There are 2 protein chains.
Amino acid sequence: MVRGLNHVTERSARELPGPVVRRLPKYLTLVQHLREGGVEWVSSADVARALGLTGSTVRQDLSHLKVSGLSRRGYRVAELERVLARVLGADRTWKVVIVGAGNLGQALAKHGDLQRHGFEICGIFDVDRRVIGRKVGALKVMAFSEVDGVVKERGVRLGIIAVPAWAAQEVADRLVAAGIKGVLNLAYANVLVRPGVAVVNARILESLQELVYMVRLGVADRGERR
Amino acid sequence: MVRGLNHVTERSARELPGPVVRRLPKYLTLVQHLREGGVEWVSSADVARALGLTGSTVRQDLSHLKVSGLSRRGYRVAELERVLARVLGADRTWKVVIVGAGNLGQALAKHGDLQRHGFEICGIFDVDRRVIGRKVGALKVMAFSEVDGVVKERGVRLGIIAVPAWAAQEVADRLVAAGIKGVLNLAYANVLVRPGVAVVNARILESLQELVYMVRLGVADRGERR
DNA sequence: TAGATTGTTAATCGATTAACAATC
DNA sequence: TAGATTGTTAATCGATTAACAATC
């Protein structure tokens, strides 16, 4: 563990605990909606209520950031949004490639939410000749063999894996070799990558299975805990 | 918190810690693939390596289940799969409705992975007249107003929300009112439901934002930790 | 002023890891 | 038998919560 090692160089970004990092996007989502709704101030209690947390947790989390609230008022929504966006890198554009032009890959490419939140889709790739060349939104499906070139030429750092389970590891290896620094794995199989490359798994099926467990036990929403 | 309250009735299912519940689907995925690959035995160390955990964690997790390993051999893959499937309810069929027939909703309906893993999609709904009636795989998009009827008549317990953020809460309310017991929320907004109804959030965008944070810090895969 | 809310410290709670006897 | 692996207990580690002085 390297936690707290960078006190030497005192870089701006300090490593935050995992649970905090996973809550930050939720905070960002919330304050974006609040701002759109014209709300100017939000208290830790408000945030906690909306997200199913405690005020303590929210204040602890925000204390890691360079944001300060005001007694009796809470936090300024605009400031919170700016700081959260900064920490999460949501204030800049991130290039991404999608591998797999099946239902899920195509949906992501067309979805719009990604583009709207700072992700620039630099290409969607597949090995299936029947889909290569087909238009997906503004993009044309390219042959998977072209992915290295695109990643290198355009300096793409993120890759989304949306292929069948059996192909996931191979795709990951290829992306990492091409220079990808972070992999979002949607495939129903775990991938292993070398240290220095980040992997986040996001599998709808596993989330559904977790949900089923909770439903069977009649548990209230623990989903928010994450 | 109701943890450990059911010692009175001593039901078969005991409430497992959240982190454990979130790892079980990963174990299941893994052993399914191992079984398909013809592997018969797997040790806690093997599982740990594949999933980026420690052997200790794996053994602790499995000790919650009614599964036993053998010294020098590990766990029997077939048994592990059976027990995990049982605990996660993956040994039976779960009826589900999808609300929102946009890119994501349609992709899920057509995806096939859900059906293949025991989820029966009883309907896909939307409010947009341009998509109502359209074929999506074997299904026809229905008007959202019909969702209550379908949920009640067919006894659907799970709902997937794949609508724009602004509509998510309204859809959740409607589903819960119709009798839905668990909500998988894919929308980019948090929903609140009454106690007794489970919510699991699975947002690709938030996972991507988490990934960006990790990439910026040059962190190795913490994604596996989840 | 009185009251609400932050920011932070300390206490609690829970999860992960280490260790090792039991066992095949 | 010797050695590897489980199952479990205890230790450690870390995250959440409680509490409260500071402050606006």
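Starting afresh in each chain, residues are numbered from 1 along the sequence in its written order. Chains and ligands are labelled sequentially in the order written, the chains with letters from A and the ligands with numbers from 1. Confidence filtering applies because this is a predicted model: local features only for residues at pLDDT of at least 70, side-chain atom pairs given and counted only at 80 or more, and all residues used for totals across whole chains, interfaces and linings. Each side-chain value is worked out from all heavy atoms of the structure, with water and hydrogens disregarded.

## Describing the protein's contact with DNA strand D
- If you check the shell around DNA strand D, you find 23 residues, and the closest are S56 and Q60 of chain A together with S44, G69 and R72 of chain B.
- One heavy atom within 4 Å of a molecule or strand makes the whole residue count as near it. When the atoms of DNA strand D within 4 Å of the protein are sorted by group, sugar and phosphate make up 53%.
- In the analysis that follows, any N or O atom pair within 3.5 Å is treated as a polar contact, provided that within protein one partner can donate a hydrogen and the other can accept it, and provided that, for residues neighboring in sequence, both atoms belong to side chains. One nitrogen or oxygen atom from the side chain of Q60 of chain A is found 2.7 Å from a base oxygen belonging to DNA strand D.
- Numbering goes from the N terminus for both helices and strands, where a helix is a DSSP run of H or I of at least four residues and a strand is a run of E of at least two. Broken down by secondary-structure element, the contributors of at least two residues to the surface near DNA strand D are α1 (18–36) and α3 (55–63) of chain A together with α3 (55–63) of chain B.
- Tallying contributions element by element places α3 of chain A first for the surface near DNA strand D, with four residues.
- Under the scheme applied, nonpolar residues are Ala, Val, Leu, Ile, Met, Phe, Trp, Tyr, Cys and Pro; charged residues are Asp, Glu, Lys and Arg; polar residues are all the others, including Gly. Per-class residue counts for the surface near DNA strand D are four nonpolar, twelve polar and seven charged.

## So, the interface of chain B and chain A
- Listed as interface residues are 81 residues of chain B and, on the opposing side, 81 residues of chain A.
- The term buried area denotes the loss of accessible surface (1.4 Å probe radius) that occurs when two parts are joined, taken as the sum for both partners. Together chain B and chain A conceal approximately 7300 Å² of surface at their shared face, both sides included; 65% is due to carbon and sulfur atoms.
- We define a salt bridge as a side-chain nitrogen of Lys or Arg found within 4 Å of a carboxyl oxygen belonging to Asp or Glu. Along the contact surface separating chain B from chain A lie four salt bridges.
- Residue K26 of chain B is joined to E206 of chain A by a salt bridge in which the shortest nitrogen-to-oxygen separation is 3.5 Å. Only heavy atoms matter for contacts: two residues are in contact if any of them lie within 4.5 Å across the pair.

## Notes on the pairing of strand β3 (residues 94–99) of chain A
All names here are of chain A.
- Whether a residue is buried, partly exposed or exposed follows from its accessible area with a 1.4 Å probe, protein chains only, as a fraction of its type maximum: under 20%, in between, or over 50%, in that order. Within β3, five of the six residues are buried, which leaves it mostly tucked inside the rest of the structure.
- The pairing of β3 with strand β4 (residues 119–126) spans six bridges and is classified as parallel. Paired with W94 across the two strands is F119, which belongs to β4.
- With four bridges joining them, β3 and strand β8 (residues 158–161) adopt parallel strand pairing. The residue of β8 that forms the bridge with V96 is L158. One bridge is not enough; two strands pair if DSSP finds at least two bridges between them.

## Brief notes about the protein's contact with DNA strand C
- Inspection of the region around DNA strand C gives 22 residues, with S44, G69 and R72 of chain A together with S56 and Q60 of chain B positioned closest.
- Among the atoms of DNA strand C close to the protein, meaning within 4 Å, 53% are from sugar or phosphate groups.
- Within the backbone of G69 of chain A, a nitrogen or oxygen atom sits 2.6 Å from a phosphate oxygen of DNA strand C.
- Ranked by residues supplied to the surface near DNA strand C, first place goes to α3 of chain B with four residues.
- Here the residues of the surface near DNA strand C are counted per class, giving four nonpolar, twelve polar and six charged.

## Looking at the relation of the copies chain B and chain A
- Least-squares fitting of chain B to chain A yields an RMSD of 0.0 Å, with the transformation described by 0.0 Å of translation along the axis and a rotation of 180°. Here the transformation between the copies is reduced to the relation of a two-fold axis. Considering only C-alpha atoms, the part of chain B nearest the rotation axis is A107 of chain B, at 3.1 Å.
- The fraction of interface residues of chain B whose copies in chain A are also interface residues reaches 100%, indicating that both copies meet through the same surface. Copies are brought into register by a least-squares superposition over C-alpha atoms of residues with pLDDT of at least 70 in both.

## Side note on a positive patch on the surface
- A cluster of like positive charges, contributed by K66, R82, R86, R92, R157, K181 and R194 of chain A together with R216 of chain B, occupies part of the molecular surface.
- Along the chain, the position of K181 of chain A falls in the loop between α8 (165–178) and β9 (182–185). By definition, no residue in a patch forms a salt bridge, and every one has over 30% relative accessible area; like charges are joined within 9 Å, nonpolar side chains (Val, Leu, Ile, Met, Phe, Trp, Tyr) within 5 Å. The Shrake-Rupley method, run with a 1.4 Å probe sphere, supplies the accessible areas, and residue values consider only the shown protein chains as cover. Two residue types count as positive, namely Lys and Arg, and two as negative, namely Asp and Glu; His and chain ends fall outside the count. A charged residue contributes its charge at one atom only: NZ of Lys, CZ of Arg, CG of Asp or CD of Glu.

## Quick look at the sheet that holds β9 of chain A
- Within the open sheet, the six strands sit side by side as β7-β4-β3-β8-β9-β10 (chain A). Their pairing is parallel. Either end of the sheet is taken by a strand with one partner, and the two such strands are β7 (142–143) and β10 (198–201) of chain A.
- Pairing between β4 of chain A and β7 of chain A: two bridges, direction parallel. Bridged to F125 of chain A within β7 of chain A is M142 of chain A.
- Note on method: axes are straight lines fitted to C-alpha atoms, helices fitted across the in-contact stretch only, with angles between N-to-C directions ranging 0 to 180 degrees. Contacts between helix α7 (residues 147–154) of chain A and the sheet are confined to β3, β4 and β7 of chain A, with β4 of chain A contributing the most and set at about 160° to the helix.
- Contacting β3, β4, β8, β9 and β10 of chain A, helix α9 (residues 204–217) of chain B runs over the sheet at an angle of about 165° to β10 of chain A.

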